[in-house]
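Spelled out from the first residue to the last, the chains are:
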Amino acid sequence: MAVFVALGAFLMTLFGGWTAQRVTDRRHLVLGLAGGLMLGVVGLDLLPEAMRAAGEEIFGVPQALLLFVGGFLVAHLVERLLAVRQASHGADPKESEALDGHDSHAHARVPQVGLTAAAAMVGHSLMDGIALGAAFQVGGGMGAAVALAVVAHDFADGFNTYTLTSLYGNDRRKALTMLVADAVAPVVGAASTLLFTLPEELLGSYLGFFGGALLYLAAAEILPEAHHEHPARSTVLCTIAGAAFIWLVVGIAG
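To start, this report covers the structure provided alongside it.

The rules behind these values
- Residues numbered from 1 in each chain as written.
- Predicted model: local features only at pLDDT ≥ 70, side-chain atom pairs only at ≥ 80, totals over all residues.
- Heavy atoms only, no water.
- Core = buried A, V, L, I, M, F, W, Y, C linked by side-chain atoms within 4.5 Å.
- Buried < 20%, exposed > 50% of the residue type's maximum accessible area, 1.4 Å probe, protein only.
- Helix = DSSP H or I, 4+ residues; strand = E, 2+ residues; numbered from the N terminus.
- Contact = heavy atoms within 4.5 Å.
- Salt bridge = Lys/Arg side-chain N within 4 Å of Asp/Glu carboxyl O.
- Axes fitted to C-alpha atoms, helices over the stretch in contact; angles between N-to-C directions.
- Parallel < 35°, antiparallel > 145°, perpendicular 65-115°, else oblique.
- Left-handed = near helix turned anticlockwise from the far one by under 90°.
- Nonpolar A, V, L, I, M, F, W, Y, C, P; charged D, E, K, R; others polar.
- 1 Å grid on protein atoms, 1.4 Å probe; cavity = no way out; pocket = protein on both sides within 12 Å on 5 of 7 lines; lining within 4 Å.
- Points joined across faces, edges and corners; volume = space filled by probe spheres on them.
- Phe/Tyr/Trp six-rings, centres within 6.5 Å; stacked < 30°, edge-to-face > 60°.

Here we come to the nonpolar core. Core analysis: the biggest nonpolar cluster contains 40 residues, and Met38, Phe159, Leu164, Leu214, Leu217 and Ile222 have the highest contact counts within it. Those elements that place two or more of their residues in this core are helix 2 (27-53), helix 3 (63-87), helix 6 (111-138), helix 7 (140-167) and helix 9 (200-226). Aside from chain neighbours lying at most four places away, what touches phenylalanine 159 is Gly16, Gly17, Thr19, Ala20, Val30, Leu33, Ala34 and Leu37. Residues Ala2, Val5, Ala147 and Ala190 belong to the second largest nonpolar core, which totals 7 residues.

The next subject is the pattern of salt bridges. Per the stated rule, a full pass over the model turns up 1 salt bridge. We note a salt bridge from arginine 52 to glutamate 49, for which the minimum N-O separation is 2.5 Å. Of the two residues, arginine 52 and glutamate 49 both sit in helix 2, 3 residues apart, roughly one turn of that helix.

Below, the discussion takes up the environment of glycine 212. With respect to the secondary-structure elements, glycine 212 resides in helix 9. Residues in contact with glycine 212, not counting those within four places in the same chain, are Phe68, Gly71 and Phe72.

Helix 8 (residues 172-192) packs onto helix 1 (residues 2-22) with a crossing angle of 165° between their chain directions and a minimal axis gap of 7 Å. The orientation of helix 1 with respect to helix 8, classified from their angle, is roughly antiparallel. Judged by the sense of rotation from one axis to the other, the crossing of helix 1 with helix 8 is right-handed. Taking contact as the criterion, the partners of Ala2, Val3, Ala6, Leu7, Ala9, Phe10, Thr13, Leu14, Gly17, Trp18 and Gln21 in helix 1 are, on helix 8, Arg172, Leu176, Leu179, Val180, Asp182, Ala183, Val184, Pro186, Val187, Ala190 and Ala191. Among the residues forming the contact of helix 1 with helix 8, the class breakdown is 17 nonpolar, 3 polar and 2 charged.

Looking at where asparagine 160 falls in the secondary structure, it is placed in helix 7. Discounting residues that sit within four places of it in the chain, asparagine 160 has contacts with Ala34, Leu37, Met38 and Met121.

Below, the discussion takes up the layout of surface pockets. Its volume calculated, the second largest pocket comes out at about 260 Å³. In terms of lining residues, the second largest pocket is bounded by 15 residues, among which Ala75, Thr116, Ala117, Ala120 and Ala213 are the most central. For the lining of the second largest pocket, the secondary structure elements donating two or more residues are helix 3, helix 6 and helix 9. When residues of the lining of the second largest pocket are assigned to their parent elements, the largest contribution, 6 residues, is made by helix 9. Of the residues in the lining of the second largest pocket, the class split is 12 nonpolar, 2 polar and 1 charged.

What follows covers the packing of aromatic side chains. All told, the structure shown has 2 aromatic pairs when counted by the stated rule. Summarising the aromatic geometry, the rings of phenylalanine 15 and tryptophan 18 are spaced 6.0 Å apart at their centres and angled 15° between planes, so their arrangement reads as stacked. With a gap of 3 residues between them, phenylalanine 15 and tryptophan 18 both fall in helix 1, about one helical turn apart. Measuring from centroid to centroid gives 5.1 Å for phenylalanine 72 and tyrosine 216, while their planes differ by 85°, and the two rings are edge-to-face. Residue phenylalanine 72 is found in helix 3, and its partner tyrosine 216 is found in helix 9; the two are separated by 144 residues along the sequence. Classification of phenylalanine 72 by relative accessible area gives partly exposed; the value is 29%. Classification of tyrosine 216 as buried rests on a relative accessible area of 5%.

Structure representation (structure tokens):
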């Protein structure tokens, strides 16, 4: 049953990526919506689940929150290292100068950052499939609730995977490749649960870490880029709509 439901997630992911691809003439709106979707997924879906599953405290702080901060810092470090590496291997001087300043538009063109971020989305989708299979192992009711959440927010995953890959200067072929990988991942994850059972604490730790990385991409990259050339009110409304959509999904699933 879990594998069958994961096929729905596969189709929803492809639909999300197709939507992102079709609205390139409204790029600032796409990025604003993507930022809102990512913010909603982190704050309303990933982090609460991580706190529930991995809530043990380490030196007075919940483990999930420590990993959340760690994910944010790792994402920041990876992006900076890749940006500096590109600048030291023949990047445009003006672009290198911008890297040392505050122009996020310049360092948003580091292709490796986009591929790394998209790979993280693929890993997240794989874990979605594993979580789906684990939920059906617990019972039909739990499986149905998780299935609704996974299928619905995989639209956001596909949308964000395509957007993240293309935003950082990767061509359409690479963006589509990452989109297909993201779509296949939950099916593979769900099928893998026929062979093993994932400890709940490990799943919660992963969700906390990934949530921090995703929040960094949304707050430090996607949203500033959305407002770089089009600081329009409509962009802000798209961001709010993206977060509200995830709230709706979480509410229905709960």
